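Residues per chain, in single letters:
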Amino acid sequence: MGQQPNKLPNGIVVRKIETDFSSTPRHWFGNNPYLSHFVNSLSLVFPEGERMFVRSVKHFQKLVKDPALKRDIAAFIGQEMMHGDTHEAFNNWVTEEAIEVRDLITRTDERIRKSADVLLEKSPKSALAFTVALEHLTSIIANSYLSQRNFVDKMHPSVAPILVWHAIEEIEHKSVAFDVYVAAGGGYFRRVLWLAIAAVVLQFAVAQLMISMLWRDKQLTRFKAGFEFIAMMYGRRGLVTSLLPSFFLAFLPSFHPSQIDEKAMLVSWTTALDNMIKVNVVGAKVAKQAAS
Ligand SMILES: [Fe+2]
Ligand SMILES: [Fe+2]
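The present account deals with the structure reproduced in this document. (Residues numbered from 1 in each chain as written. Chains lettered and ligands numbered in written order. Predicted model: local features only at pLDDT ≥ 70, side-chain atom pairs only at ≥ 80, totals over all residues. Heavy atoms only, no water.)

**Comments concerning the coordination of the iron ion (ligand 1)**
As a reminder, the rule being used: Counted as donors are the N, O and S atoms within 2.8 Å of the metal, or 3.2 Å for Na, K and Ca, while water is not among the atoms, so some sites may look incomplete.
Glu50 (OE), Glu80 (OE), His83 (ND1), His166 (NE2) and Glu170 (OE) make up the full set of protein donors to the iron ion (ligand 1), lying at 1.8 to 2.4 Å. Spacing between the donor residues of the iron ion (ligand 1) along their common chain follows E-x29-E-x2-H-x82-H-x3-E.

Shown next as structure tokens:
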């Protein structure tokens, strides 16, 4: 149960949650290997991906003069650090208890780190545009996930709160990288080019990891599970189907992430999260350390 008020005035709250995977079954998402390995694959790219987001935002931090945005950057960094640590713990459970993927974790981390190094060296503004794009994708995936109660209900209670928590915070800080990009003088064409690239890269990376996990788990031919996965992704109210309007909205020159109104969703899900798991608000202290 939540012990503290879960909302701070600036709207971006750094929370720490307590995890315990000792009772988590291997196919923790609806007893379905496709759904489970889909989220396992997303989780594999999160820790190093979120470090890349932080590096690209930090690169331009000095250009930001607005005190409110400075505070938001510190909170954004604090949130992403917590996400990275928690998903790392989850990924360790995946490889130690569910399916051996240590080599995939190492390779994925290396690829993302090297790509970030190259991009930050050659074109820091493109690195930031890539982050803006991926932040948009993660926030609309989060919205789609929280909009459909059956996703959360199908997940094992040891994992569902982690994804709810991460989704809430992705929505809370969805504008930060975008506003830093604008402050850094980033333009429209670079932004939408990287949005298109990010959509392809993310899908390719996740599909590759997911197939590899299903193969190692000897579950690739569980066709019924595969059909359920396709329906939950691409069906009428599927995860991907539902996010398409918000995805294309970002191609408008006048787009800003705040145009997608998610206030009511955030209020109801932060309350729900408090009833799912122990949440500690660690905001200012952790965010300050992260930003220094
Ligand atoms: Fe995150
Ligand atoms: Fe994020």
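**Thoughts on the coordination of the iron ion (ligand 2)**
Note the cut-off: For a four-donor site, all angles between 85 and 135 degrees give tetrahedral; for four or six donors, opposite pairs above 155 degrees with the remaining angles between 65 and 115 give square planar or octahedral; all remaining cases count as irregular.
Around the iron ion (ligand 2), the protein contributes the donor atoms Glu80 (OE), Glu135 (OE), Glu135 (OE), Glu170 (OE), Glu170 (OE) and His173 (NE2), which lie 2.0 to 2.8 Å from the metal centre. Each of the six donor atoms around the iron ion (ligand 2) contributes to a set of angles spanning 50 to 148°, which defines the coordination as irregular. We note that the donor set of the iron ion (ligand 2) lies within a single chain, spaced as E-x54-E-x34-E-x2-H. A separation of 3.7 Å is found between the iron ion (ligand 2) and the iron ion (ligand 1), which share Glu80 as a coordinating residue.

**Description of the pattern of salt bridges**
Rules: Whenever Lys or Arg places a side-chain nitrogen within 4 Å of a carboxyl oxygen from Asp or Glu, that contact is recorded as a salt bridge. Only DSSP runs of H or I covering at least 4 residues are called helices, and only runs of E covering at least 2 are called strands; the numbering of each starts at the N terminus. Relative accessible area decides the class of each residue, using a 1.4 Å probe on protein chains only: under 20% of the type maximum gives buried, over 50% gives exposed, and in between gives partly exposed.
Following the criterion strictly, the structure yields 14 salt bridges and no others. Among the salt bridges present, the one from Asp217 reaches Arg26, with a minimum N-O distance of 2.4 Å. Here Arg26 lies in the loop between β1 (15–17) and α1 (33–59) and Asp217 lies in the loop between α8 (188–216) and α9 (223–234), a separation of 191 residues in the sequence. The exposure class assigned to Asp217 is buried, which follows from its relative accessible area of 5%.

**With respect to the side chain of Gln79**
As a reminder of what qualifies: Two N or O atoms count as a polar contact when they lie within 3.5 Å, although within protein this holds only if one can serve as hydrogen donor and the other as acceptor, and sequence-adjacent residues are included solely when both atoms are side-chain atoms. Any pair of residues with heavy atoms lying within 4.5 Å of one another is described as a contacting pair.
Note that Gln79 resides in helix α2 (residues 67–98). Engagement of the side chain of Gln79 in a polar contact is seen with the side chain of Glu172, the distance being 2.9 Å. In this structure Gln79 touches Ile12, Val13, Val14, Arg15, Glu169, Glu172 and His173, once residues within four positions along its chain are discounted.

**Some thoughts on the nonpolar core**
Using the following cut-off: Grouping buried Ala, Val, Leu, Ile, Met, Phe, Trp, Tyr and Cys residues that are joined through side-chain atoms within 4.5 Å yields what is termed a nonpolar core.
The biggest cluster of nonpolar side chains holds 95 residues, and the ones touching the most others in it are Trp28, Phe38, Tyr145 and Leu146. If we skip the residues at most four places from it in the chain, Tyr145 touches Phe151, Val152, Met155, Ala160, Leu163, Val164, Ala167 and Leu239.

**A closer look at the packing of aromatic side chains**
Condition: Two aromatic rings from Phe, Tyr or Trp, using only the six-membered ring of Trp, form a pair when their centres are within 6.5 Å; if the ring planes differ by under 30 degrees the pair is stacked, by over 60 it is edge-to-face, and anything between is tilted.
Applying the stated rule across the entire model yields 15 aromatic pairs. An aromatic cluster is present here, built from Phe21, Trp28, Phe29, Phe90, Trp93, Tyr145 and Phe151 joined pairwise through their rings.

**Examining unusual backbone geometry**
The backbone phi angle of Asn31 is positive, close to 55°, even though this residue is not glycine. Secondary-structure assignment places Asn31 in the loop between β1 and α1. Not every positive phi belongs to a glycine, and Lys218 is a case in point at roughly 55°. Relative to the helices and strands, Lys218 resides in the loop between α8 and α9.

**Considering the packing of helix α3 (residues 102–122) against α8**
The test is simple: Convention adopted: a line fitted to C-alpha atoms gives each axis, helices being fitted over their contacting stretch, and angles between N-to-C directions are expressed from 0 to 180 degrees. Angles below 35 degrees are treated as roughly parallel, those above 145 as roughly antiparallel, those between 65 and 115 as roughly perpendicular, and all remaining angles as oblique. If you view the pair so one helix is near and one far, a crossing is left-handed when the near helix is turned anticlockwise from the far one by less than a right angle, and right-handed when it is turned clockwise. Any residue that is not Ala, Val, Leu, Ile, Met, Phe, Trp, Tyr, Cys, Pro, Asp, Glu, Lys or Arg is counted as polar, Gly included; the first ten are nonpolar and the last four charged.
The contact between α3 and α8 brings their axes to 12 Å, and the two run at 165°. In terms of orientation, α3 and α8 fall into the roughly antiparallel class. Two packed elements cross with a definite hand, and for α3 against α8 that hand is right-handed. Judged by residue contacts, Asp103, Leu104, Thr108, Arg111 and Leu119 of α3 engage Trp194, Gln208, Leu209, Ser212, Met213 and Arg216 from α8. Looking at the contact of α3 with α8, its residues break down into five nonpolar, three polar and three charged.

**Description of a nonpolar patch on the surface**
To be explicit about the condition: Here, patches come from residues exposed beyond 30% relative accessible area and free of salt bridges, joined within 9 Å for like charges and within 5 Å for nonpolar side chains (Val, Leu, Ile, Met, Phe, Trp, Tyr). Exposure was quantified through the Shrake-Rupley algorithm and a 1.4 Å probe, taking into account, for residues, occlusion by the shown protein chains and nothing else.
On the surface, a cluster of nonpolar side chains totalling about 500 Å² of accessible area is made up of Phe223, Phe227, Ile230 and Tyr234. Counting through the fold element by element, Tyr234 comes out in helix α9.

**Considering the environment of Ile140**
Mapped onto the elements, Ile140 comes out in helix α4 (residues 124–147). Sequence separation between Ile140 and Arg190 is 50 residues; the distance between their C-alpha atoms is 20 Å. Excluding residues within four positions of it along the chain, Ile140 makes contact with Leu243, Ser246, Phe247 and Ile260.

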